[in-house]
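Chains, contacts and geometry: an overview
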Amino acid sequence: MTKQKSIGKYSVGIPKRNGEPEREAKVSVSIAEVRLQGKGKSKRPLSIYAVFAKELSPPEGKKGIEWMLLTDLAVEDFKQARIIIEWYRSRWEIETYFRVVKGGCQIESNRFRTEQRMLNCIAIYMIIGWRLHSMKTRARTLPDTSCTKFYSEKEWRMIWIMQAKTSPPNEAPSMRDITRMLAGLGGFLGRNGDGEPGVKTVWRGYTKLLHYMEAAEALNGLK
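Reference entry: report on the structure contained in this document. Note that the coordinates shown come from a computational prediction; the quantities given were computed from them, not determined experimentally.

Our focus in this paragraph is the pairing of strand β2 (residues 23-36). Inspection of the sheet shows strand β1 (residues 8-14) paired to β2 by seven bridges, in the antiparallel sense. The residue of β2 that forms the bridge with G13 is E24. Across 10 bridges, β2 lies against strand β3 (residues 46-55) in antiparallel orientation. What sits directly across from E33, in β3, is Y49.

Set out below in C-alpha cells:
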C-alpha cells in the first residue's frame, strides 16, 4: 500500500495517550481493491477494499500513524475513504460506551425468565450508559461549561452537599468540577497524577447519588 498513489490528505486529531499530549496529524490517504485467497475446498477469492492512512510529518523521535483498514464496503474515492477512517477513529468511544454498559451497569449479571424482560432491561441500561459516558466525555472535552446541560439542579446540589459538606453555591459549577465531585462519591481520589475520573468511579458515584436523593426525599416527606 505504500506504493499506491495518494488520493488526498487531511488532518486528524490524535487524543492524548501514554503520557503524550493530544495533537493534530496530517495523513496521506491511499486506497486499493484487494483479493484474498479463500479457504476450504473451493478456495473462492474474497474481494475487499484497503484504506491506508500514513502520517506525513510525525513529531521528531515518534512513530507516525499508519492505519491499514480493510472493509467489504466499496471505497472508490477520497470521500468514501475518509468515512472509513472516521468510523475507525470512533471505535474507542464505542468500546468505552459498551464498557460502561457491561462494567458499570453490570448488564451481564442480570438473570431474567423471559427474553422480553431482558430486552427491556438492556434498553434502559443503554440509556443510562450513554448518559454516564456523555458526562465523562463532556467533563474532559468541555470542562469549563456549565453542568446544567447534564445534571439537574437537584443532582448537582446534592453532589455538592455530600462531597463538599457545605451549602451549594447559587451558580452551577463547571462540568469538570461537578463530575470530579460525583466521581469522588464513587472513590475517585483526585490526587496529582490521577488524571480525570473514569467511567467506573462516575458510575459508583451516580449510584450513591440516587440513594442520597431518595433518602432526602423520604426525610422531607417525614417532615
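Having put the structure on the table, let's press on.
This part is about helix α6 (residues 199-222). Spacing of three or four residues puts side chains on the same side of an α-helix, whose turn is 3.6 residues. Compared with the 34 Å implied by 1.5 Å per residue over 24 residues, the 35 Å span of α6 between its first and last C-alpha is a close match. The set of residues buried in α6 consists of V199, T201, V202, W203, G205, Y206, L209 and M213.

This part takes up a nonpolar patch on the surface. A cluster of nonpolar side chains, L73, I83 and W87, forms an exposed patch at the surface whose accessible area comes to about 310 Å². Residue W87 is classed as exposed on the basis of its relative accessible area, which comes to 54%.

The subject of this paragraph is the nonpolar core. Counting residues in hydrophobic clusters, the biggest one holds 28 residues, and the most contacted among them are L132, M135, Y151, I159, I178, L182 and L209. Counting only elements with at least two residues in this core, the list comes to α2 (91-104), α3 (115-141), α4 (153-164), α5 (175-185) and α6. Leaving out residues up to four positions away in the same chain, I159 has contacts with Y151, A164, I178, M181, L182 and L209. Counting residues in each nonpolar core, the second largest holds 17 residues, with Y10, I14, A53 and A81 among its members.

It is worth spelling out the packing of aromatic side chains at this point. Throughout the structure, instances matching the rule amount to four aromatic pairs. Centre to centre, the rings of Y97 and W130 are 5.7 Å apart; their planes meet at 75°, and the pair counts as edge-to-face. Placement of the pair is Y97 in helix α2 and W130 in helix α3, with a sequence separation of 33 residues. Among the residues examined, W130 registers a relative accessible area of 53% and is labelled exposed. The positively charged end of R91 is found above the aromatic ring belonging to Y88, 4.3 Å away from the centroid.

Cut-offs and rules
Residues numbered from 1 in each chain as written. Predicted model: local features only at pLDDT ≥ 70, side-chain atom pairs only at ≥ 80, totals over all residues. Heavy atoms only, no water. Pairing = 2+ DSSP bridges. Helix = DSSP H or I, 4+ residues; strand = E, 2+ residues; numbered from the N terminus. Expected span 1.5 Å × (residues − 1). Buried < 20%, exposed > 50% of the residue type's maximum accessible area, 1.4 Å probe, protein only. Patch = residues over 30% accessible without salt bridge, like charges linked within 9 Å, V, L, I, M, F, W, Y side chains within 5 Å. Areas by Shrake-Rupley, 256 points an atom, 1.4 Å probe, with all protein chains shown as cover. Salt bridge = Lys/Arg side-chain N within 4 Å of Asp/Glu carboxyl O. Core = buried A, V, L, I, M, F, W, Y, C linked by side-chain atoms within 4.5 Å. Contact = heavy atoms within 4.5 Å. Phe/Tyr/Trp six-rings, centres within 6.5 Å; stacked < 30°, edge-to-face > 60°. Lys NZ or Arg CZ within 6 Å of the ring centre and 35° of its normal.

Interpretation in functional terms is not warranted from these geometric data alone.
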